[in-house]
Amino acid sequence: SLKLLIGFLIVATIAGMIGIVGVMSLNTVSDNAKYLYEYATEPITKVSRALSLYHENRVEIRNLLLIDSQNDIRERIADIKERADQIDSLLDEYEKTIATETGRAYYQEFDAAYNIYIPILDEVVRLVEEGRMEEARLVLYGDSMTTAADNVRNGLEGLINTRAKNGQAEFENILNTSKRTKVTMTVLSLGGVT
């Protein structure tokens, strides 16, 4: 009976260890998955939307120079401003998810480029509103606007790429945790059987 009791205790201990390992691993995977969503997937969605709105505004600002109707110009400008507000809102939400100094540095680099771009954009809009199309064209196609616009686009794409790399790393952590758990539980199960 002593041997049976010892055998039972060993099997119970192994079963308990399997349960503890399983629960701990599930908690780790759950935390990693939450991180993957909150700090990679969701922010990428926000920046991708901001990039899309930015491209729409780039097209619409060029189209302003081709429109003759003041009514249409006012409507297009209102749309451009609304998209710019949406971009600001999305980027404010994105900024709240920054968790590292590297991420903060990338964001500040983008933000500096965006703060150079916006006044140039505003100047083009003002000139169009005043009917000074040729001057607006010169500003829009000038070196300052071209450089600023490229820097903003590159900055947004850089934010997306950075988060994608972080997401890939976190995904690999989840896979590694899962593999380690399978191996550990298999070893413990075999130990319990033998």
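See the structure shown above.
Note that the structure is a prediction, hence the values are computed from the model and not measured.

J.: If you had to explain the packing of helix H2 (residues 70-95) against helix H3 (residues 101-129) to someone new, which residues and values would you point to?
T.: Packed helices, taken two at a time, are described by the angle their axes make and the gap between the axes. Two numbers describe how H2 lies on H3: the axes approach to 12 Å, and their chain directions differ by 170 degrees. In terms of orientation, H2 and H3 fall into the roughly antiparallel class. Relative to H3, the crossing made by H2 is left-handed. Contact residues: H2 offers Gln70, Ile73, Ile77, Lys81, Ala84, Ile87, Asp88, Leu91, Tyr94 and Glu95, while H3 offers Arg104, Tyr107, Phe110, Tyr114, Val125, Val128 and Glu129.

J.: So what's going on with helix H4 (residues 133-140)? Which residues, and what values?
T.: Looking only at H4, the buried set comprises Met133, Ala136 and Leu140. One side of H4 carries all its buried residues, which in axial view fall inside an arc of 60 degrees.

J.: Got a sec to walk through a negative patch on the surface? Specific residues and values, please.
T.: There is a patch of like negative charges on the surface, built from Asp72, Glu75, Asp79, Glu82, Asp85, Asp88 and Asp92. Among the structural elements, Asp72 can be located in helix H2.

J.: Residues and numbers for the pattern of salt bridges, please.
T.: Evaluated as defined, the whole model comprises 12 salt bridges. Put simply, Lys46 and Glu42 hold a salt bridge, and the shortest N to O gap is 3.9 Å. Here Glu42 and Lys46 lie together in helix H1 (residues 2-64), a separation of four residues that amounts to about one turn. Given a relative accessible area of 29%, Glu42 falls into the partly exposed group. We note a salt bridge from Arg83 to Glu56, for which the minimum N-O separation is 3.8 Å. Here Glu56 lies in helix H1 and Arg83 lies in helix H2, a separation of 27 residues in the sequence.

Rules used in this analysis
Residues numbered from 1 in each chain as written. Predicted model: local features only at pLDDT ≥ 70, side-chain atom pairs only at ≥ 80, totals over all residues. Heavy atoms only, no water. Axes fitted to C-alpha atoms, helices over the stretch in contact; angles between N-to-C directions. Helix = DSSP H or I, 4+ residues; strand = E, 2+ residues; numbered from the N terminus. Parallel < 35°, antiparallel > 145°, perpendicular 65-115°, else oblique. Left-handed = near helix turned anticlockwise from the far one by under 90°. Contact = heavy atoms within 4.5 Å. Buried < 20%, exposed > 50% of the residue type's maximum accessible area, 1.4 Å probe, protein only. Arc of directions from axis to C-beta. Patch = residues over 30% accessible without salt bridge, like charges linked within 9 Å, V, L, I, M, F, W, Y side chains within 5 Å. Areas by Shrake-Rupley, 256 points an atom, 1.4 Å probe, with all protein chains shown as cover. Salt bridge = Lys/Arg side-chain N within 4 Å of Asp/Glu carboxyl O. Lys, Arg positive; Asp, Glu negative; His and termini not counted. Charge placed at Lys NZ, Arg CZ, Asp CG, Glu CD.

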